[in-house]
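A look at the structure
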Amino acid sequence: MIQEPTSSESGSQSGSESGAESGAEPEATRRDAGVAESSRANRGWWDRNADEYQIEHGTFLGDDRFVWGPEGLDEVEAELLGPPEDLKGKDVLEIGAGAAQCSRWLAAQGARPVALDISHRQLQHALRIGGAFPLVCADAGALPFADASFDLACSAYGALPFVADPVLVLSEVRRVLRPGGRFVFSVTHPIRWAFPDEPGPEGLSVSASYFDRTPYVEQDDDGHAVYVEHHRTLGDRVRDVVAAGLRLVDLVEPEWPAWNTSEWGGWSPLRGNLIPGTAIFVCVRD
């Protein structure tokens, strides 16, 4: 579920496209936000914004494509989960599935996907598009599956950028993977937090500390978070993977392709040709 950034980054790669339920514009700030507050805020944000998100980005994402990020890197070409012919018969968990475009592609390869998302409204869009695979509304930090249930797991901008405790999520993924299973996830490239979230030249100058890990929060008039995004440095992400008991086997930083002339929030050909916008971690459970 690739998030669209708005705000002036100040560490944020995302931002609310609508205010709190009162209709007032939320206040953007940097402050601590724990596991429960982050989960509650982001569940509400995605429920409120799912319709607009799918209208705006549905064409780019397609109904049954597997796209790793705004650059447009497609699993057909990347094969980060393995060759498509090897996916047949594999049990695959998609985390932060949104409208389950990736799961739909996996099913077409003969895999047995399960699409999980924290947002009920996003999964309603998955139902609207259709597909003969399970949809599960749950938090990635408490996966409702037995140990060793899946051969593979994947997440395209889902869950990891929005959780306060990424090791908890990664540990849960390891728990539900079978030995030898692979987990591949993409997130906003950590270096992007140092730059303004603008697609033009104004987004090319460093404006914040890369090392400031204070979460980006949008909150209502009462100070309740309505959107939260968490920053981790590249080193933090690697250490999180290791702490969860997974082995990092590759780190992919997609280059911006010549065919992609579109802008997606702060992503653009201008910025994409100069700095990475996405980081993809390929992990294995030994």
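Just so it is clear, the model here is predicted, and its values are computed rather than measured.

1. Considerations on the overall build of the chain
If you tally the helices and strands in the chain, you get 7 helices and 10 strands. Relative to the globule expectation of 19 Å for 286 residues, the C-alpha radius of gyration of the chain, 18 Å, shows essentially globular dimensions. Expressed along its principal axes, the backbone C-alpha trace of the chain runs to roughly 45 × 40 × 35 Å. Buried positions account for 57% of the 286 residues belonging to the chain. Residue pairs at least 24 apart in sequence account for 71% of intrachain contacts in the chain once pairs closer than 6 positions are excluded. Of the accessible surface of the chain, which amounts to about 11200 Å², a share of 52% is contributed by carbon and sulfur atoms. Considering the chain, the positive charge centre built from 24 side chains and the negative charge centre built from 45 side chains are found 8 Å apart.

2. Some details on the nonpolar core
Counting residues in each nonpolar core, the largest one holds 28 residues, and the members touching the most others are Leu-93, Phe-145, Phe-183 and Phe-185. Every element with two or more residues in this core is listed here: strand E2 (91–95), strand E3 (112–117), strand E5 (150–156), helix H5 (166–176), strand E6 (177–188) and strand E10 (278–284). Those residues within four positions of Leu-93 in sequence are excluded, and the remaining contacts are Val-114, Leu-116, Leu-143, Phe-145, Phe-150, Leu-152, Ala-153, Cys-154 and Val-176.

3. Looking at the sheet that holds strand E7 (residues 216–219)
With antiparallel pairing, 3 strands are arranged side by side in an open sheet as E1-E7-E8. Each of the sheet's edge strands pairs with one partner strand only, and the pair in question is strand E1 (27–30) and strand E8 (225–229). Looking at each pair of strands side by side, their axes are set apart by 20° on average, direction ignored. In terms of strand pairing, E1 meets E7 through 4 bridges, oriented antiparallel.

4. What to know about H5
Residues lying three or four places apart along an α-helix face the same way, a consequence of the helix completing one turn every 3.6 residues. When H5 is considered as a whole, its buried residues turn out to be Pro-166, Val-169, Leu-170, Glu-172, Val-173 and Val-176. Projected down its long axis, H5 shows its buried positions confined to an angular sector of 155°, all on one face. In the core, the buried residues of H5 are packed alongside E2, E5, E6 and helix H6 (234–243).

5. Description of the environment of Leu-116
Here Leu-116 is to be found in strand E3. Assessed through its relative accessible area of 1%, Leu-116 is described here as buried. Along the chain, Leu-116 and Leu-170 lie 54 residues apart, while their C-alpha atoms are 15 Å from each other. Setting aside its immediate chain neighbours within four residues, Leu-116 contacts Leu-93, Glu-94, Ile-95, Gly-96, Ala-97, Val-136, Ala-138, Leu-143, Pro-144 and Phe-145.

6. With respect to the confidence of the model for the chain
Of the residues in the chain, 92% have a pLDDT of 70 or more, and the chain-wide mean is 92. Across residues 2–22, confidence stays below pLDDT 50; counting only partners more than four residues off in sequence or on other chains, it has 93 contacts.

7. Looking at the sheet that holds E10
Within the open sheet, the 7 strands sit side by side as E4-E3-E2-E5-E6-E10-E9. Their pairing is mixed. Here the strands that pair on one side only, and so sit at the sheet edges, are strand E4 (135–137) and strand E9 (247–252). If you compare each strand with its neighbour and ignore which way they point, the axes differ by 20° on average. Relative to E3, E2 runs parallel, the two sharing 5 bridges. Across the sheet, Asp-91 pairs through a bridge with Arg-112, a residue of E3. Together, E3 and E4 form the strand contacts of helix H4 (residues 120–129), whose direction differs from that of E4 by roughly 170°.

Each value, and the rule that gives it
Residues numbered from 1 in each chain as written. Predicted model: local features only at pLDDT ≥ 70, side-chain atom pairs only at ≥ 80, totals over all residues. Heavy atoms only, no water. Helix = DSSP H or I, 4+ residues; strand = E, 2+ residues; numbered from the N terminus. Rg over C-alpha atoms; globule rule 2.2 N^0.38 Å. Buried < 20%, exposed > 50% of the residue type's maximum accessible area, 1.4 Å probe, protein only. Contact = heavy atoms within 4.5 Å. Areas by Shrake-Rupley, 256 points an atom, 1.4 Å probe, with all protein chains shown as cover. Lys, Arg positive; Asp, Glu negative; His and termini not counted. Charge placed at Lys NZ, Arg CZ, Asp CG, Glu CD. Core = buried A, V, L, I, M, F, W, Y, C linked by side-chain atoms within 4.5 Å. Pairing = 2+ DSSP bridges. Axes fitted to C-alpha atoms, helices over the stretch in contact; angles between N-to-C directions. Arc of directions from axis to C-beta. pLDDT = per-residue confidence, 0-100.

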